[in-house]
Amino acid sequence: MNPTRLKKLIRPLVQKLHAYVPGEQPKIPGLIKLNTNENPYPPSPHVLKTVQAAVDGRLRLYPNPTAERLRAKLARLHRCTPDHLIIGNGSDELLALAVRTFTEPSPKSRVQYFTPSYSLYPVLADTHGAAKNPVPLNPDFSMPGLPGLKRGQVWDFNAALTLVTTPNAPGGRGYPTAELDKFCRAQQGVVVLDEAYVDFADENALKLALKHPHVLVSRTFSKAYSLCFQRVGYFVGHPDLIAALHKMRDSYNVNGLGQIAAEATLDDLKYYRANFRQILTTREQLSRQLTKLGFRVLPSQTNFILTRPPLFPAEQWLQKLRDRKILVRWFGAKEVRDYLRITIGTPAEAEALVRAVSAIAAEGG
Ligand SMILES: Cc1ncc(COP(=O)(O)O)c(C=O)c1O
């Protein structure tokens, strides 16, 4: 088949689509990887042992289709029922399901989100053929139009789906639950509060998902619980919305080892809470050290910081750090192109970063 005919087999929407670009995962020996907000600490010994022990003849069987045991454990943790929970192949899968479940594939149906925030959201709207309403955050990354939310301002209160990253990425700012509550009450469509980083924050908004039937909270085992590799995330919300999402998912969407790893994680929360505390200590120390070196560091409620470097453009810093085997993240979008996003690593990694930054600054390039 010639290339033109082959191309015609692909839907026009897909032909025009720009795919999401995930952070790089290079395998460079000795690389300090601070670009994709992974946890610098491994899963707990109990989790590793449990997963290893599960690698046996069971691999030939399908896993539990609704991750029943994991939902039961999460229900106890969050004081709700398993009907309030759906587990996904990472929270990314559930965000995609939310777009497909709550919006029409039509320019009349809108997916609303902050900008800048998680750059997957517009891609999900585009893959589905829904319209987008990107709402610019204030220059300090606070929510626009608050207090005194008014119709006809930046927000579309009738958007079919609103995705709110809280705390936000890449800004790192957290939004107070009282502010989010007011915001959710104003929205007529479904609101997803994407709390991927919430374990590093001062407060969380889980109670809003149990209070407002149109609000879902999204969580993940990836960041705080060191399980990116296993791909496990979940939504909490009203059983009717959760049941609708279940209808749209694949039958066995969460792999068996992922379910086992997440269940074991919930048995060992003490280990993870100690890691959160260490990451927060490193975050505050690194922020102070970079500030002394002339960086403007935005306050963060997450396991990363957004920082505006001195002396050269941020993109040059990205390369100069990379030359020293330290990988951070730079985004080309205009609101953030002057910044670097740096994942909080171990204290040793943070020290290596500060040494590299000092050396680059001393060389003047
Ligand atoms: C705001 C936000 N939500 C969701 C995710 C996806 O997490 P998961 O690994 O659960 O798919 C990320 C990952 O970078 C994120 O930054």
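Because the structure is predicted, anything quoted here is derived from the model rather than measured. (Residues numbered from 1 in each chain as written. Predicted model: local features only at pLDDT ≥ 70, side-chain atom pairs only at ≥ 80, totals over all residues. Heavy atoms only, no water.)

1. Digging into the overall build of the protein
Convention followed: Secondary structure counts use DSSP, requiring at least four H or I residues in a row for a helix and at least two E residues in a row for a strand, with both numbered from the N terminus. Throughout, radius of gyration means the C-alpha value; the globule benchmark is 2.2 Å times the number of residues raised to the power 0.38. Contacts are assigned to residue pairs that have any heavy atoms within 4.5 Å of one another. Computed by Shrake-Rupley with a 1.4 Å probe, the accessible areas treat only the displayed protein chains as cover when residues are assessed.
Helix and strand counts for the protein come out as 13 helices and 12 strands. Compactness check: the protein gives a C-alpha radius of gyration of 21 Å against a globular reference of 21 Å for 365 residues, within 12% of the reference. For the protein, the spread of C-alpha atoms along the three principal axes comes to 60 × 60 × 55 Å. Taking the intrachain contacts of the protein between residues at least 6 apart in sequence as the baseline, contacts between residues at least 24 apart amount to 72%. For the protein, the accessible area works out to roughly 17400 Å², and carbon and sulfur atoms hold 54% of it.

2. Some details on helix α9 (residues 239–248)
The condition that has to hold: Burial classification: accessible surface area is computed with a 1.4 Å probe over protein chains only, and a residue below 20% of its type maximum counts as buried, one above 50% as exposed, and the rest as partly exposed. By construction, the arc corresponds to the directions joining the helix axis to the C-beta atoms.
When α9 is considered as a whole, its buried residues turn out to be Leu241, Ile242 and Leu245. An end-on view of α9 places all buried positions within 100° of arc, on one side of the element. Set apart from the buried face of α9 by more than 90 degrees, the exposed residues are Asp240 and Lys247.

3. A closer look at the nonpolar core
Defined as follows: Buried Ala, Val, Leu, Ile, Met, Phe, Trp, Tyr and Cys residues form a nonpolar core when they are joined through side-chain atoms within 4.5 Å. The start and end points of each domain follow an automatic or database-based domain assignment.
Counting residues in each nonpolar core, the largest one holds 77 residues, and the members touching the most others are Leu70, Leu193, Phe221 and Leu321. Broken down by element, the residue count for this core peaks at seven residues, all from helix α13 (residues 347–363). Residue contributions to this core reach at least three from each of two domains, namely domain 1 (22–43 + 270–363) and domain 2 (45–267). Discounting residues that sit within four places of it in the chain, Phe221 has contacts with Leu70, Leu74, Ser226, Leu227, Val232, Tyr234, Ala262, Thr265 and Leu266.

4. Things to note about the site of the ligand
Formally: Only heavy atoms are used to decide nearness, and a residue is near a molecule or strand if one of them lies within 4 Å of it. N or O atoms closer than or at 3.5 Å make up a polar contact, with two conditions inside protein: a donor-capable atom paired with an acceptor-capable one, and, for residues adjacent in sequence, both atoms drawn from side chains. Side-chain classes follow a simple rule in which Ala, Val, Leu, Ile, Met, Phe, Trp, Tyr, Cys and Pro form the nonpolar group, Asp, Glu, Lys and Arg form the charged group, and the remainder, Gly included, forms the polar group.
If you check the shell around the ligand, you find Gly90, Ser91, Asp92, Tyr118, Thr165, Asp194, Ala196, Tyr197, Thr220, Ser222, Lys223 and Arg231 and nothing else. In this structure, Asp92 approaches the ligand through a main-chain N or O atom, which is 3.0 Å from an oxygen atom. One of the side-chain nitrogen or oxygen atoms of Lys223 is found 2.8 Å away from an oxygen atom of the ligand. Considered on its own, the ligand offers 400 Å² of accessible surface; in the complex 92% of this is hidden by protein. Here the residues of the shell around the ligand sort into three nonpolar, five polar and four charged.

5. Some remarks on the packing of aromatic side chains
In plain terms, the rule: Paired rings are identified among Phe, Tyr and Trp, the last through its six-membered ring, by centres lying within 6.5 Å, and are further divided according to the angle between planes into stacked (under 30 degrees), edge-to-face (over 60) and tilted (the rest).
Here the structure, examined in full by the defined rule, presents 17 aromatic pairs. Measuring from centroid to centroid gives 5.4 Å for Tyr225 and Tyr272, while their planes differ by 55°, and the two rings are tilted. Placement of the pair is Tyr225 in the loop between β7 (215–220) and β8 (233–236) and Tyr272 in helix α11 (residues 269–292), with a sequence separation of 47 residues. Tyr272 shares its class with Tyr225; the two are buried. Following the ring pairs from residue to residue traces out a cluster consisting of Phe200, Phe221, Tyr225, Tyr234, Tyr271, Tyr272 and Phe276.

6. Quick word on the side chain of Asn253
Checked against the element boundaries, Asn253 lands in the loop between α9 and α10 (256–266). Within the structure, the side chain of Asn253 is placed 3.5 Å from the side chain of Arg249, a separation counted as a polar contact. Sequence-distant contacts of Asn253, that is, excluding residues within four places in its chain, are made with Pro65, Ile87, Gly88, Asn89 and Glu93.

7. A look at the sheet that holds strand β12 (residues 340–343)
Here is the rule: Strand pairing is defined by DSSP finding a minimum of two bridges between the two strands.
Here we have three strands laid out as an open sheet, ordered β9-β10-β12, and antiparallel in their pairing. The two strands at the open ends of the sheet, each matched to only one other strand, are β9 (296–297) and β12. Pairing of strand β10 (residues 304–308) with β12, which is carried by four bridges, proceeds in the antiparallel orientation. What sits directly across from Thr307, in β12, is Leu340.

8. Notes on the packing of α11 against α13
What counts is decided by this rule: Whenever a helix is involved, its axis is fitted only over the stretch in contact; in every case the axis is a line through C-alpha atoms, and angles between N-to-C directions fall within 0 to 180 degrees. Roughly parallel here means an angle under 35 degrees, roughly antiparallel means over 145, roughly perpendicular means 65 to 115, and every remaining angle is called oblique.
One way to put it is that α11 packs onto α13 with a least axis distance of 10 Å and a crossing angle of 10°. By the angle between their axes, α11 is roughly parallel relative to α13. From α11, Gln278, Thr282, Leu286, Gln289 and Leu290 reach across to α13, where they touch Pro347, Ala350, Leu353, Val354 and Val357. A per-class count over the contact of α11 with α13 returns seven nonpolar, three polar and no charged.

9. Some thoughts on the domain arrangement of the protein
Cut-off, in case you're wondering: Buried area: the accessible surface (1.4 Å probe) lost by two parts on joining, summed over both. When a carboxyl oxygen of Asp or Glu is within 4 Å of a side-chain nitrogen of Lys or Arg, the pair counts as a salt bridge.
The domain architecture assigned to the protein consists of domain 1 (22–43 + 270–363) and domain 2 (45–267). Taking only C-alpha atoms, the centre of domain 1 and the centre of domain 2 are 25 Å apart. Here domain 1 meets domain 2 over a buried area of about 2100 Å², counting both sides, of which 63% is carbon and sulfur. Of all residues in domain 1, Pro43, Tyr272 and Gln301 give up the largest surface area on contact with domain 2, accounting jointly for 32% of the area buried on that side. At the boundary of domain 1 and domain 2, one finds zero salt bridges. Linking domain 1 with domain 2 are nine residue pairs in polar contact (both at pLDDT 80 or more). If you list the elements that add at least two residues to the side of domain 1 that touches domain 2, you get α11 and β10. Residue contributions to the side of domain 1 that touches domain 2 peak at six residues, all from α11.

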